[in-house]
Amino acid sequence: MVSRFLSGGLIAALCLLITPWGVAEGTMKIGIGRVVITPESPVWLAGYASRTKAGESALHDIWAKAMVIEDETGAKFVIVTADLIGFYMNQTEPIAKQVETRHGIPRANILFNASHTHCGPVVDNDGLHITYGLEGVEQERATAYTKHLGELLVQVIDEALADLQPGTLHWGIGEAFFGKNRRMYTIGGVTNNYNPIGPVDNDVPTLVAKSADGTIRGILFGYACHNTVTDLQQFNGDYAGFAQIEIEKAFPGATALFAQGCGGDQNPLPRRKIELAEKYGAELGAAVSSVLNGTMTPVTGPITARYKLIPLALTEAPTEAEVAKQLESDNKYVVRRAKKMQRQYKEDGKLPTTLPQSVQVWKFGEAVQLTALSGEVTVDYSLLIKHHYPKEKQFVMGYTNGCPAYIPSLRVLKEGGYEGAGAMLYYGVHGPLEPTVEQDIMNTIHELTKAE
Ligand SMILES: [Zn+2]
């Protein structure tokens, strides 16, 4: 599987050297940045509605990390990963704009991926904010943390840009098996439990950055599975946090960056014990190590990046009268969403009819295609991308740039259940999405993939 693309990579390298239209011959450069984002004072923990107090300590530090790649033509590409429940567009867009202004790096060349740990801090602009219902001091703490986090994200990108030095990229895919489909079919419909016949994605895509002397500097790896092993009051990166620790121990001096895949309907099962998070982290670490210890495909540029923000249509919005009626519900989440919708009616005169979905496609020469989607993307998207394009080249990410809601495939939407419909409530959005969701996203991926 690797050798097939080794030849592709070599052909690309040769083309680069002899190309008559003059791609500037140069060396690839790599820059790495890392910064601890563990809150220094109590902040509410994101992910579970059942929590009753803020998190005050950490099982291990949580991180934001950045890898900057400068290809042979001098174009720069920025990947930021973080142990957070999600990234939100009202935070990532201003940062991307800042990076564009200060460093001349276009929006398409920057991506932010969150691990979706359920033991990270709540950020103020969290799409799931409605779940927690924070008020008073808890809200102030979340606001203060969010502001600080924004500064740290700029800092980690700046650090990686300042660190650029000649290097090489290498590619391979490992496997891990603890991620399980969590949409169980029952006579009464889909429930949140292990589904042994549901689709999964076992791939562990791994992109390794080495310095010119071969020292491993950065290891970007992915897996499609919720980071929901632990439901503690202590900040931690869950299985992905443990995996990064394991990998950094196995390759001293290297920075490990975890990217969440299309794990919207995948859970690490069984779960709820710290030992299990450690075990899955070790499994993922072993998968990455076996890729690094095997034959990897050399990756050459030029790298191309395409980005498009598309609107995903929502089903018809409730009227103002229907929203008013929802305020009388005895479900606190329905009431919170109704209050939000009432505000939207007051301020905008209407409710949103679409959700913003970012679609990003990067091509690394002939060796790797990286497709990154915003939201809690269900696994069918990853499998579809790997069906349409060579599976061996695909690095697919969900939870990138923003998190407007769960992003169901047409199948999941039709089946309903939490990811298909129910979870819209916790994102404070009416819904569900229209059945065009899958076609709209896949058509955009095809468009961006074909673009020259
Ligand atoms: Zn989730």
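Everything numeric here is computed off the predicted structure, so don't read it as measured data. (Residues numbered from 1 in each chain as written. Predicted model: local features only at pLDDT ≥ 70, side-chain atom pairs only at ≥ 80, totals over all residues. Heavy atoms only, no water.)

This next bit is on the packing of aromatic side chains. Applying the stated criterion across every chain yields a total of 14 aromatic pairs. Here the aromatic residues Phe178, Phe221, Tyr223, Tyr239, Phe258 and Tyr280 are joined through ring pairs into a cluster of three or more. Against the face of tryptophan 63 rests arginine 34, its NZ or CZ located 4.2 Å from the ring centre. (Phe/Tyr/Trp six-rings, centres within 6.5 Å; stacked < 30°, edge-to-face > 60°. Lys NZ or Arg CZ within 6 Å of the ring centre and 35° of its normal.)

Bringing the coordination of the zinc ion into the picture now. Coordination angles at a metal have ideal targets, namely 109.5 degrees for four tetrahedral donors and 90 or 180 degrees for six octahedral donors. All of the protein donors around the zinc ion are His116 (NE2), His226 (NE2), Glu376 (OE) and Tyr406 (OH); their distances to the metal are 2.0 to 2.7 Å. Its four donor atoms give the zinc ion angles of 78 to 171° at the centre, a pattern that matches the irregular case. In primary sequence terms, the donor set of the zinc ion follows H-x109-H-x149-E-x29-Y. Of this pair, histidine 116 sits in the loop between β5 (110-114) and α3 (129-132) while glutamate 376 sits in strand β19 (residues 376-377), placing them 260 residues apart in sequence. Classification of histidine 116 as buried rests on a relative accessible area of 1%. Taking relative accessible area as the criterion, glutamate 376 reaches 1% and is therefore assigned buried. (Donors = N, O, S within 2.8 Å, 3.2 Å for Na, K, Ca; no water. Tetrahedral: all angles 85-135°; square planar, octahedral: opposite > 155°, others 65-115°. Helix = DSSP H or I, 4+ residues; strand = E, 2+ residues; numbered from the N terminus. Buried < 20%, exposed > 50% of the residue type's maximum accessible area, 1.4 Å probe, protein only.)

You can read the domains of the protein chain as domain 1 (2-307 + 358-407) and domain 2 (318-348). Taking the mean C-alpha position of each, domain 1 and domain 2 sit 35 Å from one another. At the junction of the two partners, domain 1 supplies five residues and domain 2 supplies four residues. On the domain 1 side of the contact with domain 2, Ala49, Ile130 and Thr131 bury the most area, a combined 84% of that side's loss. Counting every contact that joins domain 1 to domain 2 gives zero salt bridges. Taken together, the residues of the side of domain 1 that touches domain 2 sort by class into three nonpolar, two polar and no charged. (Domains from an automatic or database assignment. Contact = heavy atoms within 4.5 Å. Buried area = accessible area lost by both parts, 1.4 Å probe. Salt bridge = Lys/Arg side-chain N within 4 Å of Asp/Glu carboxyl O. Nonpolar A, V, L, I, M, F, W, Y, C, P; charged D, E, K, R; others polar.)

Read across the sheet, four strands follow the order β16-β17-β18-β20 without closing on themselves; strand pairing throughout is mixed. The sheet is open, and its two edges are formed by β16 (303-313) and β20 (394-397), each paired on a single side. Each adjacent strand pair in this sheet contributes to an overall mean axis angle of 15°, direction not counted. Pairing between β16 and strand β17 (residues 354-364): eleven bridges, direction antiparallel. Note that in β17 the partner of isoleucine 303 across the bridge is phenylalanine 364. The sheet strands contacting helix α9 (residues 379-388) are β18 (368-373) and β20, and the helix crosses β20 at an angle near 155°. (Pairing = 2+ DSSP bridges. Axes fitted to C-alpha atoms, helices over the stretch in contact; angles between N-to-C directions.)

The next point concerns the packing of helix α2 (residues 89-103) against helix α4 (residues 136-162). The N-to-C vectors of α2 and α4 enclose an angle of 35°; their axes lie 11 Å apart at closest approach. The two elements α2 and α4 cross, and the hand of that crossing is right-handed. Contacts between α2 and α4 involve Gln91, Ile95, Gln98, Val99, Arg102 and His103 from the first element and Thr146, Leu149, Gly150, Leu153, Val154, Ile157, Asp158 and Leu161 from the second. For the contact of α2 with α4, the residue count by class is seven nonpolar, five polar and two charged. (Left-handed = near helix turned anticlockwise from the far one by under 90°.)

Under the defined criterion, the tally for this structure stands at 19 salt bridges. Close ionic contact of arginine 34 with glutamate 248 constitutes a salt bridge, the shortest N to O distance being 3.1 Å. Linking arginine 34 in strand β1 (residues 29-36) with glutamate 248 in helix α5 (residues 238-250), this pair joins segments that are 214 residues apart in sequence. For glutamate 248, a relative accessible area of 17% translates into the label buried. One network of salt bridges, in which partners are shared, links Arg182, Arg183, Asp380, Arg411, Glu415 and Glu419.

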